[in-house]
Amino acid sequence: NAGVTQTPKFQVLKTGQSMTLQCAQDMNHEYMSWYRQDPGMGLRLIHYSVGAGITDQGEVPNGYNVSRSTTEDFPLRLLSAAPSQTSVYFCASKGGTDQFFGPGTRLTVL
Amino acid sequence: AQSVTQLGSHVSVSEGALVLLRCNYSSSVPPYLFWYVQYPNQGLQLLLKYTSAATLVKGINGFEAEFKKSETSFHLTKPSAHMSDAAEYFCAVSESGGSYIPTFGRGTSLIVHP
């Protein structure tokens, strides 16, 4: 049972480049979410999904796209990266009332 | 609507001293409350949670928190700090019932001095 996995661990992009942050869970959880963590800002919700085919926006969705084709996977896409998207990104899945977090992806946009 | 306020972005204690990290919440419905810990360069790990059972909740590593409805608080305590407790701590609130989407506080960095 790997829990929540994220790839890559680190990524450097140039402004305007696109990329996909991968997230997978093997706990058969319906609810998954993406957060970004910035110093002094805590965790802010980007997008979330309550099941395959169902996604919704969180607090800071601009510049990010998501889709949920399977229960296991919930990728986060940056279509045109901006320096303001430099952050640490966490994926989480929820079973019952408990959220389980992945190890994070540290993204730098130059 | 729900929100969380963590008082103090940094708390510094000596090893062996009491740890007190403050969290106040706002929720329009009965809340679920959580404390998470984040060690450097790692993800968040659940320390403890309140989900409308006992108001005094015990978690891992000797931490506990008490839900006080009248004060809308859920402060985290530990009687004796250890060097290994140095980490970032996050309080979160979600609404009982519904989709349980949690809102996180801004975090408190616990510094433990020898």
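Residues numbered from 1 in each chain as written. Chains lettered and ligands numbered in written order. Predicted model: local features only at pLDDT ≥ 70, side-chain atom pairs only at ≥ 80, totals over all residues. Heavy atoms only, no water.

### Some words on the side chain of arginine 36 of chain A
All names here are of chain A.
Here is step 1 of the chain: Tracing the sequence through the fold places arginine 36 in strand β4 (residues 31-38).
Here is step 2 of the chain: Under the relative-accessibility criterion, arginine 36 is labelled buried at 8%.
Here is step 3 of the chain: A polar side-chain atom of arginine 36 sits 2.9 Å from a polar atom in the side chain of tyrosine 64.
Here is step 4 of the chain: Here threonine 86 takes part through its backbone oxygen, which lies 3.5 Å from a polar atom of the side chain of arginine 36.
Here is step 5 of the chain: Dropping the residues within four chain positions of it, arginine 36 is found in contact with Gly42, Leu43, Arg44, Ile46, Val60, Tyr64, Ser84, Gln85, Thr86, Ser87, Val88 and Tyr89. (Helix = DSSP H or I, 4+ residues; strand = E, 2+ residues; numbered from the N terminus. Buried < 20%, exposed > 50% of the residue type's maximum accessible area, 1.4 Å probe, protein only. Polar contact = N/O pair within 3.5 Å; in protein donor to acceptor, adjacent residues only side chain to side chain. Contact = heavy atoms within 4.5 Å.)

### With respect to the sheet that holds strand β8 (residues 73-78) of chain B
Residue and element names in this part refer to chain B.
Here is step 1 of the chain: Taken together, the five strands give an open sheet; going across it, the order is β1-β3-β8-β7-β6, and neighbouring strands pair in antiparallel fashion. Only two strands of the sheet have a single neighbouring strand rather than two, namely β1 (2-7) and β6 (56-58). Neighbouring strand axes in the sheet, compared pairwise and without regard to direction, differ in orientation by 20 degrees on average.
Here is step 2 of the chain: Taken together, the four bridges between strand β3 (residues 19-27) and β8 define a ladder with antiparallel strand orientation. Each residue of the ladder has a partner; that of leucine 20, found in β8, is threonine 77. (Pairing = 2+ DSSP bridges. Axes fitted to C-alpha atoms, helices over the stretch in contact; angles between N-to-C directions.)

### Some thoughts on the pattern of salt bridges
Here is step 1 of the chain: Per the counting criterion, the structure on display carries five salt bridges over all chains.
Here is step 2 of the chain: Salt-bridge contacts for aspartate 98 of chain A lead to lysine 49 of chain B; the nearest nitrogen and oxygen are separated by 2.7 Å. Here the residue aspartate 98 of chain A occupies a position in strand β10 (residues 98-101), and lysine 49 of chain B occupies one in strand β5 (residues 44-50), the pair thus bridging two chains.
Here is step 3 of the chain: Residue class for aspartate 98 of chain A comes out buried when judged on its relative accessible area of 18%.
Here is step 4 of the chain: Look at lysine 49 of chain B and you get partly exposed, because its relative accessible area is 30%.
Here is step 5 of the chain: The residue lysine 58 of chain B makes a salt bridge to glutamate 64 of chain B at a minimum N-O spacing of 2.7 Å.
Here is step 6 of the chain: Looking at lysine 58 of chain B, the relative accessible area reads 62%, which means it is exposed. (Salt bridge = Lys/Arg side-chain N within 4 Å of Asp/Glu carboxyl O.)

### Side note on the packing of aromatic side chains
All names here are of chain B.
Here is step 1 of the chain: Within the structure shown, the criterion is met by 12 aromatic pairs over all chains.
Here is step 2 of the chain: Taken together, a centroid distance of 5.6 Å and an interplanar angle of 45 degrees make the contact between tyrosine 36 and phenylalanine 104 tilted. Of this pair, tyrosine 36 sits in strand β4 (residues 31-38) while phenylalanine 104 sits in strand β10 (residues 103-104), and the two are 68 residues apart along the sequence. The two residues tyrosine 36 and phenylalanine 104 agree in class, both being buried.
Here is step 3 of the chain: Judged by centre distance (5.5 Å) and plane angle (45 degrees), the rings of phenylalanine 63 and tyrosine 89 are tilted. (Phe/Tyr/Trp six-rings, centres within 6.5 Å; stacked < 30°, edge-to-face > 60°.)

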